Amino acid sequence: MGTATAGRSGPGTRTAWHNWAGNVTAVPARVVTPSSVEELRETVRRAAEDGLKVKAVGTGHSFTAAAATDGVLVRPQALAGIREIDRAAGTVTVAAGTVLKDLNVALAREGLSLTNMGDIMEQTVSGATSTGTHGTGRDSASIAAQIRGLELVTADGRLLTCSEKGDDEERAVFAAARIGIGALGIVTAITFAVEPVFFLTAREEPMGFDRVTAEFEQHFAENEHFEFYWFPHTGNCNTKRNNRSQGPAAPPGAVSAWVEDELLSNGLFQAVNSFGRAVPAAIPSIARVASRALSARTYTDIPYKVFTSPRRVRFVEMEYALPREQVVEALRELKATVDRSGLRISFPVEVRTAPADDIALSTASGRETAYIAVHMYRGTPYQAYFTAAERIFTAHGGRPHWGKVHTRDAEYLARVYPRFGEFTALRDRLDPDRLFGNDYLRRVLGE
């Protein structure tokens, strides 16, 4: 059947699965890599017959246990590639296991592009959309908000196709399954809105914390895509503004790109974090030097070459979505907390935005949103920092990213998501026996 299995002869032969950050481990009863949608449907039916839970996992870039299972772990990587490009409709249909990097390159060859995307493109399209992966944008939203249709295998083995143009059930599923956290079924294909490829001009510029926070709304209003990074233990930030331009492409020079993207952002950053993990007391001094080493640069290229960056330094991350009008206050509270604490933070704090959307469990559902993301180098104790940050974020009605570390449960989430009950009711209909359940979903969605 073209499947890979593990653990068929007993627990002793099971193989452990680890996520990218190494903070989540699972030991599934068997691992299956279906080569067709029909094989996947059979995998789901067989798991149900055997009394095993079933979960799909992409490249493991989530920091939560959303995909962890001790049952059947489905690897969708053999279900990959573009199925159809509809230029008249402005859409592309792609198999669920396709990696975003491969999709971006393939679309560029066809003269097409997604409108917006996150800064990492190692995820599968199904993993990225199911957890709410997003970039930053004044008018353009997350990857999931660019979905125009999707196909998924439900708990009874059906292949369900849904879109906003379908019947009542299809529209209800579409409203929820674009960000489904794997709770409603296993996604097999996604149809995205695309547009003719365009140019973005990026302007990266150091800026003081007080200035960037005071001018945040101005920068947001004046730029299609605005984000900034604050370096803890300093008053320094780095800003990035991406706006459409006529071109032509003017990418960073080879030496400049290597220095910024490889030496500073990966090689030297890796060494600095390793040293900081060994000698935490040195981190504030390192941060002050490192944050002053950045210089302004401007470059122009096609979208995925501007939006995305290589990220080879491994870390653990928490990110919360806040009402946009509250993000500056929350960030100032976070800075004050770090400044008066004994915490030593070697990773910058990232701030991005998103417009309101209409997806039930989107972190931007129904409200203009800004995100604050905190990170810690892999292997460094992160609980005290994340606990302090989460206390601030939840006080502002924050919604945690579904794929990033948080401690919230269904009771809290039902208060901050007006359409939470709509999602859980649909889950009750599609997966009443919780075939796609696990401990994480039990915590965030309830029984």
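Residue positions are counted from 1 within each chain, in the order its sequence is given. In view of the model being predicted, local features appear only for residues whose pLDDT reaches at least 70, and side-chain atom pairs are presented and counted only at 80 or more, with totals across whole chains, interfaces and linings using the full set of residues. Computation of side-chain values covers all heavy atoms of the structure but excludes hydrogens and water.

Student: Mind laying out the overall build of the chain, listing which residues take part and the relevant values?
Tutor: Looking only at helices and strands, one finds 14 helices and 20 strands in the chain. Here the chain has a C-alpha radius of gyration of 22 Å; the compact-globule value for 447 residues is 22 Å, and the two agree. Considering only C-alpha atoms, the chain reaches an extent of 60 × 50 × 40 Å along its principal axes. Summary of the burial criterion: residues with accessible area below 20% of their type's maximum are buried, those above 50% are exposed, and those between are partly exposed, where the area comes from a 1.4 Å probe applied to protein chains only. A buried classification covers 58% of the 447 residues belonging to the chain. Contacts spanning at least 24 positions in sequence make up 73% of the contacts within the chain whose residues lie at least 6 apart. Counting rule applied: Lys, Arg positive; Asp, Glu negative; His and chain ends not counted. To locate a charge, take NZ of a lysine, CZ of an arginine, CG of an aspartate or CD of a glutamate. In the chain, 51 positive and 52 negative side-chain charges are present, and the distance between their average locations comes to 5 Å. Secondary structure elements are defined from DSSP: runs of H or I of at least 4 residues count as helices, runs of E of at least 2 residues count as strands, and each element is numbered from the N terminus. Each radius of gyration is computed over the set of C-alpha atoms, and the globule rule expresses the reference value as 2.2 Å times the number of residues to the power 0.38. In this analysis, two residues are considered to be in contact whenever any of their non-hydrogen atoms come within 4.5 Å of each other.

Student: Talk me through the nonpolar core; I want residue IDs and the actual numbers.
Tutor: Definition used in this section: a nonpolar core is a set of buried Ala, Val, Leu, Ile, Met, Phe, Trp, Tyr and Cys residues joined via side-chain atoms within 4.5 Å. Within the largest apolar cluster, 56 residues are counted, with the highest numbers of intra-cluster contacts made by V173, L184, F192, L361, W402, L413 and L445. Once residues within four sequence positions are removed from consideration, F192 is found in contact with G90, T91, V92, V94, L103, L114, V125, T129, I143, Q146, I147 and R148.

Student: Lay out the pattern of salt bridges in plain terms, naming residues and giving numbers.
Tutor: One side-chain nitrogen of Lys or Arg within 4 Å of one carboxyl oxygen of Asp or Glu is enough to make a salt bridge. Taken as a whole and judged by the stated rule, the model has 29 salt bridges. Where R87 meets E110, a salt bridge forms, and the shortest distance between an N and an O atom there is 2.8 Å. With R87 in the loop between β6 (82-86) and β7 (91-95) and E110 in the loop between α2 (100-109) and β8 (112-113), the pair connects residues that are 23 residues apart, well separated along the chain. The closest approach of N and O atoms between D358 and R178, which form a salt bridge, is 3.5 Å.

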